[in-house]
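Residues per chain are reported as follows:
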Amino acid sequence: MQSNCYMKIKLLTVIIAFILMTSIKINAQTVQSRTFTFTEASHASTYNGNAQHDLAVWIEQGSGTAGTFIVTKFRYVGSGTSDHLPNWAAKASGGVTSTATSASCNTTTATTGATLAAWSTKTVTWDGKDASGNLVADGNYQFVVQSTWNHGTTGTAIRYFPFVKGPGATNPTFTDDANYTGITAVLSSPSYSIKPEVSIFPNPTNGIINMDFKNDVNNIRIINILGKVVYNERVTEDLTNTNKRIDLSNLVGGIYIVSVSNDNGTSNYKVVLNN
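Description of the structure in this document. (Residues numbered from 1 in each chain as written. Predicted model: local features only at pLDDT ≥ 70, side-chain atom pairs only at ≥ 80, totals over all residues. Heavy atoms only, no water.)

### Some points on the nonpolar core
What counts, and what does not: The set of buried Ala, Val, Leu, Ile, Met, Phe, Trp, Tyr and Cys residues whose side-chain atoms join them within 4.5 Å is what this entry labels a nonpolar core. Whether a residue is buried, partly exposed or exposed follows from its accessible area with a 1.4 Å probe, protein chains only, as a fraction of its type maximum: under 20%, in between, or over 50%, in that order. Helix and strand labels come from DSSP, where a helix needs a run of H or I of at least four residues and a strand needs a run of E of at least two; each type is numbered from the N terminus. In this analysis, two residues are considered to be in contact whenever any of their non-hydrogen atoms come within 4.5 Å of each other.
Residues Phe36, Phe38, Val57, Trp126, Phe143, Val145 and Phe161 are the most contacted members of the largest nonpolar core, which totals 27 residues. Those elements that place two or more of their residues in this core are strand 1 (34–40), strand 2 (54–61), strand 3 (68–76), strand 5 (121–126), strand 6 (139–148), strand 7 (156–165) and strand 8 (180–187). In terms of residues, this core owes the most to one element, strand 3, which gives 4 residues. Setting aside anything within four residues of it in sequence, one finds Phe36 in contact with Val57, Lys122, Thr123, Val124, Phe143, Val145, Phe161, Ile183, Thr184 and Ala185. In this structure, Phe213, Val217, Ile220 and Leu239 belong to the second largest nonpolar core, which totals 18 residues.

### With respect to the side chain of Arg34
The condition that has to hold: Charged-residue counts in this description rest on Lys and Arg as positive and Asp and Glu as negative, His and the chain ends being excluded. In the sections that follow, a salt bridge refers to a side-chain nitrogen of Lys or Arg positioned within 4 Å of a carboxyl oxygen of Asp or Glu. Polar contact is defined as a pair of N or O atoms within 3.5 Å, subject to the rule that within protein one atom must be able to donate a hydrogen and the other to accept it, and that residues adjacent in sequence are counted only when both atoms are side-chain atoms.
Summarising the element assignment, Arg34 is placed in strand 1. Asp138 provides the closest opposite charge to the buried, salt-bridge-free Arg34, at an N-O distance of 10 Å. A polar contact is formed between the side chain of Arg34 and the backbone oxygen of Val164, at a distance of 3.1 Å.

### Description of the sheet that holds strand 15 (residues 265–273)
Where we set the bar: Pairing between strands is defined by DSSP: at least two bridges between them are needed. With axes taken as lines fitted to C-alpha atoms, and helix axes fitted only over the stretch in contact, angles between N-to-C directions fall between 0 and 180 degrees.
The antiparallel open sheet is built from 4 strands, whose spatial order is 12-11-14-15. Where the open sheet ends on each side, the last strands, each with one partner, are strand 12 (229–234) and strand 15. Ignoring which end each strand starts from, the neighbouring axes of this sheet average 15° apart. Pairing of strand 11 (residues 219–224) with strand 14 (residues 254–262), which is carried by 6 bridges, proceeds in the antiparallel orientation. Residue pairing for strand 14: Arg221 is matched across the bridge by Ser259.

### A short note on a negative patch on the surface
What counts, and what does not: For patch building, the residue pool is restricted to those with more than 30% relative accessible area and no salt bridge; the joining distance is 9 Å between like charges and 5 Å between nonpolar side chains (Val, Leu, Ile, Met, Phe, Trp, Tyr). Note on areas: Shrake-Rupley, 1.4 Å probe, and residue coverage restricted to the protein chains presented here. Charged groups are reduced to one reference atom each: NZ for lysine, CZ for arginine, CG for aspartic acid, CD for glutamic acid.
A cluster of acidic residues, Asp216, Glu237, Asp238 and Asp263, forms a negative patch on the protein surface. Position of Asp263 among the secondary structure elements: in the loop between strand 14 and strand 15.

Structure, rendered in structure tokens:
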């Protein structure tokens, strides 16, 4: 009976630890902004016989048509041309293509206005946040531009400009085409500020763990599966690219969470202690 009870408790401990680790998994979030500039090429044939046109610029996560809407930066459209930005409207409203002037289209933080009356150079800066002001995870993103200068499908141009958000990101290059020229997507805050990244070994361990720090850390905590902090250290020196040795041999064997934090957030790692 006692043996069965022990096994059930041990199994429950493993399940709780798994749930805990799943719930606190964190993606890297680099604080980084990028400035996107392009020049609109002029078109002789427009729906009013002049330079009038509609324009939208937005950010998506992913690439190409499969990208996921993040935030709108520009939305210029007239009340009589609400169906002239169908790709943007579908992404910003959740699927409706003909309502570019609708309140259902997300234009939070965007520059908005009526139909444009001249071709010009446009510049936007994205701060790496979504429409709610939350910093998004590092990964592949794209600026998307849609311009419509004529009725129907003969005067619409949509183009995707991919880039990477995160450590090691570079400035991509883009070629001019018949609609957009002078295109750049430049890092405007190239100094990276990210959550802690640490390698921990050996894992499992018989008592000693080594922590290899990839960037700055200001606090180290070790937490058992009951949520109790069993080790807490305030770090006052730069540990980037250094190794720290911590002795856990005084603790009961089991699963622990090593939690490291800096001014940008917290990262958590599972450690199995066999002793």
